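Listed below, chain by chain, are the residues.
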Amino acid sequence: MNSFGAAFTWLNDPLNWQGPQGVPHLTYEHLYITFFAVAIAALIAMPLALGLGHRGRGGGFTVVLTNVSRAVPTLALLTVFSATAIGFGNRATIIALAVFAIPPLLTNTYVGIREVDPDVVEAARGMGMSGSKVLFRVELPLAVPLIAAGFRTATVQVVATATLAALVGGGGLGVIINSGFGQQDRGQIVAGGILVAALALVAELTLAFLQRQVTPGHARGPSRRAGLDAPEAPDFKERGADPSEPDAKERAVSVS
Amino acid sequence: MALPYGAFIVHSTREVSADEAPANPWFSWQYVEDNSADLQRYLQQHIILTVESVVIAMLIAFPLALLAFRYRWLVTPLLGATGILYTIPSLALFAFIYPFTGLKPTTVVVGLVIYALLVLVRNTLAGLDGVPDDVREAARGMGYGRARMLWNVEIPVALPTIMAGVRVATVSTVALVTVGVIVGEGGLGQLIFRGFNSDYHAEIMTASLLTIALGLTLDLLLALTTRLLMPWSRSRS
């Protein structure tokens with residue numbers, strides 16, 4: 001328990017809150033990496049998922065992509081990008097993390113579009129809507145709750161894995177843990193752990209709240225308390241816990 | 001996996017450009033041959049860490065899920081708690097465990113067990129919840145008691161979903177073991193990291209590919225096991 005006391009001492013030291021290695025700057029760097037990684041992933045995944053979902057093709061492709069990406073260690077990709085011409089530091093990190101943010105965005109958006117009631121799509125067609133109008137006026141708005149779930153999963157995952165950037169010369173809050181291990185400073189190690197865990201939990205709670213805001217009341221589960229559910233638990237409840245489909249993401253993942 | 005052209009590049013540039021930077025190919029069979037002992041050792045370490053973590057996680061998750069299945073009020077706190085633990089980034093988790101366990105494989109195993117819990121608990125519960133009421137009704141009609149129903153009916157019917165959870169947990173664990181480098185016990189991650197520090201591309205790539213191959217192989221083995229264990233589920237998919 002000594003280490004936790006030392007961690008609070010570390011956190012109370014004003015020197016650790018200043019300069020380029022200070023907590024505020026590293027937090028900013030962490031969020032900056034996260035924002036750009038998710039933005040790049042969205043730019044790639046969203047058009048692809050909308051197109052595939054609208055045409056109803058590529059379901060197998062998204063499942064395979066999700067399964068394979070699960071097997072790729074984040075550290076491996078971070079290292080590979082850091083060791084190439086893409087360069088040291090944050091650029092390599094952003095690209096590597098964007099790659100990992102694509103599967104959840106792709107799968108959720110695809111499933112969201114696919115799960116729109118076919119009768120609704122039929123009705124929209126019958127009203128004379130063109131293909132793109134059906135997609136943007138009908139399918140996309142109805143898919144928003146699942147797309148939001150995808151953004152939440154992807155963002156929380158990127159916030160978590162951005163920590164690993166410190167191992168390969170990148171920035172972000174992982175730097176505190178990594179240099180703590182370098183100096184065998186248990187207080188700093190635990191302090192870094194606390195900061196990283198706090199950031200991840202805040203990101204999770206914030207995004208769970210936002211996801212709830214864009215999910216219509218009837219699609220929410222009966223007994224949901226904001227954020228304290230398991231990361232994907234809301235979907236799990238919404239879907240009535242069908243055995244083969246624990247939730248939209250797991251369903252894509254669990255059967256191959 | 002044999003990529004002899006990498007090795008070829010090594011030999012050709014070695015002769016041509018003595019004054020230029022040495023070749024640093026991503027794929028080199030020469031590397032694999034020269035370092036087969038290291039590759040084997042770290043692969044073995046990786047497998048041991050993975051299997052230990054997943055097995056221990058199953059031994060914890062399964063009873064917990066059965067308990068929550070029996071006492072429903074446990075579901076929300078159980079999924080909530082494992083969900084919060086799951087949200088904590090791996091490096092932070094290792095940082096918390098480290099003061100108690102030190103620079104040992106235990107640190108990595110404890111962390112990975114915590115990670116695997118959520119998927120295993122959730123899938124086990126989902127599997128048990130998904131047993132059709134008709135099936136339960138029929139079993140009850142045949143005189144099955146609660147315990148016998150659980151072991152002979154509910155668990156076998158839930159097994160495909162449970163195994164799907166085991167597969168996801170195993171593949172994620174294989175990938176996460178690499179983060180163990182922070183305490184010097186990262187399996188093949190040690191080689192990835194060593195390759196990064198000495199800027200040895202072939203070492204980074206070989207260890208990365210081996211890690212991916214290990215994950216996919218274990219996934220395939222588990223998928224085959226599922227099929228052998230449950231002949232009745234074959235026709236469904």
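Look above for the structure.
Note that the structure is a prediction, hence the values are computed from the model and not measured. (Residues numbered from 1 in each chain as written. Chains lettered and ligands numbered in written order. Predicted model: local features only at pLDDT ≥ 70, side-chain atom pairs only at ≥ 80, totals over all residues.)

**Q** Hey, could you run me through the packing of helix α2 (residues 23-55) of chain A against helix α5 (residues 90-114) of chain A in this one?
**A** In helix packing, the relevant descriptors are the interaxial angle and the interaxial distance, both defined with respect to the helix axes. Residue and element names in this part refer to chain A. Contact pair α2 / α5: the axes reach a minimum separation of 6 Å and the direction vectors enclose 35°. Read as a crossing pair, α2 and α5 show a hand that is right-handed. Residue classes in the contact of α2 with α5 are distributed as 23 nonpolar, five polar and one charged. (Axes fitted to C-alpha atoms, helices over the stretch in contact; angles between N-to-C directions. Helix = DSSP H or I, 4+ residues; strand = E, 2+ residues; numbered from the N terminus. Left-handed = near helix turned anticlockwise from the far one by under 90°. Nonpolar A, V, L, I, M, F, W, Y, C, P; charged D, E, K, R; others polar.)

**Q** Can you walk me through helix α7 (residues 131-161) of chain A in this structure?
**A** In an α-helix, one turn spans 3.6 residues; hence positions three or four apart end up facing the same way. Here α7 of chain A is 31 residues long, yet its end C-alpha atoms lie only 38 Å apart, well below the 45 Å a rise of 1.5 Å per residue gives. Val144 of chain A marks where α7 of chain A bends most, by close to 55°; the proline Pro145 of chain A follows one to four residues later. (Expected span 1.5 Å × (residues − 1). Bend = angle between axes of the 7 residues up to and from the residue.)

**Q** Help me understand the environment of Phe209 of chain A in this model?
**A** Take Phe209 of chain A: it is sitting in helix α9 (residues 186-213). A sequence separation of 112 residues divides Phe209 of chain A from Leu97 of chain A, and the C-alpha atoms of the two residues are 24 Å apart.

**Q** Help me understand the nonpolar core in this model?
**A** Across soluble globular proteins, nonpolar side chains show a tendency to be buried alongside one another. By size, the foremost hydrophobic cluster in this structure holds 136 residues, and its most contacted members are Ala41, Leu97, Ala101 and Leu105 of chain A together with Ala116 and Leu120 of chain B. In terms of residues, this core owes the most to one element, helix α6 (residues 105-129) of chain B, which gives 15 residues. (Core = buried A, V, L, I, M, F, W, Y, C linked by C-beta atoms within 7 Å. Buried ≥ 20, exposed ≤ 12 C-beta atoms within 10 Å, placed from the backbone.)

**Q** Could you clarify how one ought to interpret the interface of chain B and chain A in this entry?
**A** Where interface size is quoted, it is often the accessible area lost as the parts come together. On the chain A side, the residues contacting the 46 residues of chain B number 44 residues. Taken together, the elements giving at least two residues each to the side of chain B that touches chain A come down to α4 (75-87), α5 (90-101), α6, α8 (146-177), α9 (188-197) and α10 (201-229) of chain B. The biggest single contributor to the side of chain B that touches chain A is α10 of chain B, with eight residues. For the side of chain B that touches chain A, the class distribution of residues is 27 nonpolar, 16 polar and three charged. (Contact = placed C-beta atoms within 7 Å.)

**Q** What should I look at first to understand unusual backbone geometry in this one?
**A** As a rule of thumb, non-glycine residues mostly have phi less than zero, and peptide bonds are mostly trans rather than cis. Of note in the backbone geometry, Gln184 of chain A takes a positive phi value of approximately 55° without being a glycine. A positive phi is found at Asp199 of chain B, a non-glycine position, where the angle reads about 50°. Among the secondary structure elements, Asp199 of chain B is positioned in the loop between α9 and α10.

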